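Structural overview for review
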Amino acid sequence: MSGGGWVWAALMGALAIAYLTGMRRDGLTGGKMLRIAAIWVAIILGAYILVRWLTGME
């Protein structure tokens, strides 16, 4: 993966962690957090693939 790919992954990972940390403070249970994390991974992966396809990034 190129440098841009690593930056993208790190940024999206930090965003997901910040979001889940906030949800944990609101009393979200572990099972629901796991589902939300899976959705985040799908969104991040989908966005990465879409951006890669649209821009030709390798």
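Up top is the structure.
The structure contained in this document is the topic of the report that follows. Values in this document were obtained by computation on a predicted structure and should not be read as measured data. (Residues numbered from 1 in each chain as written. Predicted model: local features only at pLDDT ≥ 70, side-chain atom pairs only at ≥ 80, totals over all residues. Heavy atoms only, no water.)

Considering helix 2 (residues 30-55)
Put simply, the test is: By definition, any uninterrupted DSSP run of H or I lasting at least four residues is a helix, any uninterrupted run of E lasting at least two residues is a strand, and each is numbered from the N terminus. Given the number of residues in a helix, its expected span is that number minus one, multiplied by 1.5 Å. Contacts are residue-level and defined by heavy atoms, with any inter-residue pair within 4.5 Å sufficient.
The end-to-end C-alpha distance of helix 2, which contains 26 residues, comes to 37 Å, matching closely the 38 Å that a straight helix rising 1.5 Å per residue would cover. Elements in contact with the buried residues of helix 2: helix 1 (3-25). Phi turns positive, to about 75°, at Gly 56, one or two residues after helix 2.

Here we look at the environment of Thr 21
Quick note on the threshold: Residue burial is assigned from relative accessible area. The probe radius is 1.4 Å, only protein chains are included, and a residue is buried under 20% of its type maximum, exposed over 50%, and partly exposed in between.
By the element assignment, Thr 21 lies in helix 1. Residue classification places Thr 21 among the partly exposed positions, given a relative accessible area of 34%. Remark: the alpha-carbon pair of Thr 21 and Tyr 48, spanning 27 residues in sequence, is separated by 23 Å.

Remarks on the nonpolar core
Formally: What we call a nonpolar core is a set of buried Ala, Val, Leu, Ile, Met, Phe, Trp, Tyr and Cys residues that are connected through their side-chain atoms within 4.5 Å.
Counting residues in each nonpolar core, the largest one holds 8 residues, listed as Met 12, Ala 16, Leu 20, Leu 28, Met 33, Ile 36, Trp 40 and Ile 44. At the level of secondary structure, the elements contributing two or more residues to this core comprise helix 1 and helix 2. In contact with Leu 20, not counting residues within four places along its chain, are Met 33, Ile 36 and Ala 37.

So, helix 1
Between its first and last C-alpha, helix 1 extends 33 Å over 23 residues, near the 33 Å set by a 1.5 Å rise per residue. The complete set of buried residues in helix 1 reads Gly 5, Met 12, Ala 16 and Leu 20. Looking at the packing, one finds that the buried side of helix 1 touches helix 2. Two residues or fewer after helix 1 comes Gly 27, characterised by a positive phi angle close to 90°.

Focus on the packing of helix 1 against helix 2
Put simply, the rule is: Angles run from 0 to 180 degrees between N-to-C directions of axes, and those axes are lines fitted to C-alpha atoms, restricted for helices to the stretch in contact. In what follows, roughly perpendicular refers to angles from 65 to 115 degrees, roughly parallel to angles under 35, roughly antiparallel to angles over 145, and oblique to any angle outside these ranges. When the near helix sits turned anticlockwise from the far one by under a right angle, the crossing is termed left-handed; a clockwise turn instead gives a right-handed crossing. Ten residues, namely Ala, Val, Leu, Ile, Met, Phe, Trp, Tyr, Cys and Pro, are considered nonpolar, four, namely Asp, Glu, Lys and Arg, are considered charged, and the remaining ones, Gly among them, are considered polar.
Look at helix 1 against helix 2: their axes get within 11 Å of each other, and the N-to-C directions meet at 155°. Relative to helix 2, helix 1 is oriented roughly antiparallel. Regarding helix 1 and helix 2, the two cross each other, and that crossing is right-handed. Contact residues: helix 1 offers Gly 5, Trp 8, Met 12, Leu 15, Ala 16, Tyr 19, Leu 20, Met 23 and Arg 24, while helix 2 offers Gly 30, Met 33, Ile 36, Ala 37, Trp 40, Ile 44, Ala 47, Tyr 48 and Val 51. A class-by-class count of the residues in the contact of helix 1 with helix 2 yields 15 nonpolar, 2 polar and 1 charged.

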